[in-house]
Amino acid sequence: PHLAALVLARGGSKGIPLKNIKLLAGVPLIGWVLRAAIDAGVFHSIWVSTDHDEIEKVAKQFGARVHRRSPEVSQDSSTSLEAITEFLNHHPEVDIVGNIQATSPCLHPSDLVKVADLIQKEGFDSVFSVVRRHQFRWSEVKKGENKMTEPQNLNPAKRYRRQDWPGELYENGSFYFAKRHLIEKGYLQGGKMAYYEMRAEHSVDIDIDIDWPIAEQRVLSFGYFGKDPLKEVKLLVCSIEGCLTNGRIYVTEDHKEMVSYDYRDVVGIDLLKKRGIQVRLISERDCSKTLSAMQLGCVAKISATNKLQVLKDWQEDMGLSWKEVAYLGNEESDVECLKQAGMSGVPADACAAAQKAAAYICKSRGGCGAVREFAEHIFLLLEKVSSARKQ
């Protein structure tokens, strides 16, 4: 049976404009679940259903196919079931739909693999995600009602200790898998049903703006960053033009060149060095005078006609694995380096090809704090590596 992953990503979010592609820990929100779906390796096709050009662009960057949904199922009042049904009407080859919520950035491939087994091997018609909560519920008393609240799932005289109470299962909205015949009857849950219990730390759902900074910390701690385990970064290679500087060159009347840079980026480089991370610079231009004036104290390669070869030479000379190398670039000439490095980033104004190749997109533009921001991202991931080692 053809199992398709389907992420619904409408462009008209009321709470957070274009929430589905807003950067979360340097990655578009939808990118986190697409990465998990692709690496799960259980889907015959992976789709994003959207009505927005920018969402379509990001979806394709992450390797998904795109179904352009109609205006009829793109309204505020449209339901997920309506959008899924429309998708199935256009794709008769699909037998099972795994509807994955774009707002669940801590989803892991291992969860999707187990759910696929429940559907394909154990014969369930529908499987949905739940999380265990230890919360006592009380009946609601509306204003003006002359009655008292009542306990719903506890005896106040004998309150459970958390460790003595198994808790209750709640839908967390992370995913809903269902077979075609069930959806065509108007159900996402039905037939032979099963729930899949997700770990509490992986159950993150972003609904309102205040959730964003909390979700970023959760993702950095519990998110899925790829098949290979993270390693401690020992080398950062940074492109000079467009990353350390803003890419502009000012020419005086006497033909002297000037560039500008942000002092925050110099601080970022110093912080990296203090953490034992080497910082090296690379440029396609001969900018030796600029580097001398900046006095950064970094090894640099200028007039580099093949950036990837320079990066490989440095990696081999230092005896590092690629997972220990980070790269910050912004142009098409940086794309292969971004793909090769274990950790890759680009400024907010990097070219489209570089953004597609990078794992982290800075909020800052080149020459305006992007190096410092990427350094902070490296530090956060180093904390994740350290935490994993302790566990």
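Model, not experiment: these values are computed from the prediction.

Cut-off values and rules
- Residues numbered from 1 in each chain as written.
- Predicted model: local features only at pLDDT ≥ 70, side-chain atom pairs only at ≥ 80, totals over all residues.
- Heavy atoms only, no water.
- Helix = DSSP H or I, 4+ residues; strand = E, 2+ residues; numbered from the N terminus.
- Expected span 1.5 Å × (residues − 1).
- Buried < 20%, exposed > 50% of the residue type's maximum accessible area, 1.4 Å probe, protein only.
- Arc of directions from axis to C-beta.
- Pairing = 2+ DSSP bridges.
- Salt bridge = Lys/Arg side-chain N within 4 Å of Asp/Glu carboxyl O.
- Core = buried A, V, L, I, M, F, W, Y, C linked by side-chain atoms within 4.5 Å.
- Domains from an automatic or database assignment.
- Contact = heavy atoms within 4.5 Å.
- Buried area = accessible area lost by both parts, 1.4 Å probe.
- Axes fitted to C-alpha atoms, helices over the stretch in contact; angles between N-to-C directions.
- Parallel < 35°, antiparallel > 145°, perpendicular 65-115°, else oblique.
- Left-handed = near helix turned anticlockwise from the far one by under 90°.
- Nonpolar A, V, L, I, M, F, W, Y, C, P; charged D, E, K, R; others polar.

For helix H8 (residues 263-274), with 12 residues, the first-to-last C-alpha span of 17 Å sits near the 16 Å given by 1.5 Å per residue. Buried within H8 we find Asp-265, Val-266, Gly-268, Ile-269 and Leu-272. Buried residues of H8 fall within an arc of 155° about the axis and therefore sit on the same side. In H8, the exposed positions angled more than 90 degrees off the buried face are occupied by Tyr-263 and Lys-274. Two residues or fewer past H8, Gly-276 is found with a positive phi of approximately 85°.

Attention shifts here to the pairing of strand S13 (residues 278-282). Most of S13 sits out of view: four of its five residues are buried. In this structure, strand S10 (residues 235-239) lies alongside S13, joined through five bridges in parallel fashion. Among the inter-strand pairings, Leu-235 is bridged to a residue of S13, identified as Gln-278. Both S13 and strand S14 (residues 299-301) contribute to a ladder of three bridges, which runs parallel. When the bridges of S14 are listed, Ile-282 appears paired with Lys-301.

This brings us to the pattern of salt bridges. If you walk through the whole model with that rule in mind, you get 19 salt bridges. Notably, a salt bridge pairs Arg-161 with Asp-164, separated by 2.7 Å at the nearest N-O pair. Exposure remark for Arg-161: the relative accessible area of 49% places this residue in the partly exposed category. Overall, the relative accessible area of 45% leaves Asp-164 in the partly exposed class. Of the charged contacts in the structure, one is a salt bridge between Lys-307 and Asp-334, with a shortest N-O distance of 2.8 Å.

To continue, consider the nonpolar core. Core analysis: the largest hydrophobic core is formed by 43 residues, its most contacted members being Leu-24, Leu-244, Leu-272, Leu-281, Leu-296, Phe-374 and Ile-378. Ranked by residue count, the leading element in this core is helix H13 (residues 370-390), at eight residues. The residues that make up this core include at least three from each of domain 1 (3-222) and domain 2 (235-389). Apart from the residues lying within four places of it in its own chain, the contact partners of Leu-281 are Cys-238, Ile-240, Leu-244, Leu-291, Leu-296, Cys-298, Val-299, Ala-300, Lys-301 and Trp-314. Core analysis: the next-biggest nonpolar cluster, separate from the first, contains 37 residues, Leu-3, Ala-37, Ala-59 and Met-198 among them.

Moving on, we come to the domain arrangement of the chain. Under the domain assignment used here, the chain contains domain 1 (3-222) and domain 2 (235-389). Between the C-alpha centres of domain 1 and domain 2 the distance comes to 37 Å. In this complex, domain 1 contributes nine residues to the contact, which on the side of domain 2 involves 11 residues. Counting the surface domain 1 buries against domain 2, the share from its top three residues, Leu-23, Gln-61 and Leu-220, is 54%. Between domain 1 and domain 2 we count zero salt bridges in total.

Here helix H1 (residues 29-40) crosses helix H4 (residues 109-120) at 55°, and the two axes come no closer than 8 Å. In terms of axis orientation, H1 runs oblique to H4. Crossing of H1 over H4 shows right-handed handedness. Counted together, Ala-36, Ala-37, Asp-39 and Ala-40 of H1 and Pro-109, Leu-112 and Val-113 of H4 form the full contact between these two elements. Each residue belonging to the contact of H1 with H4 can be placed in one class, and the counts come to six nonpolar, no polar and one charged.

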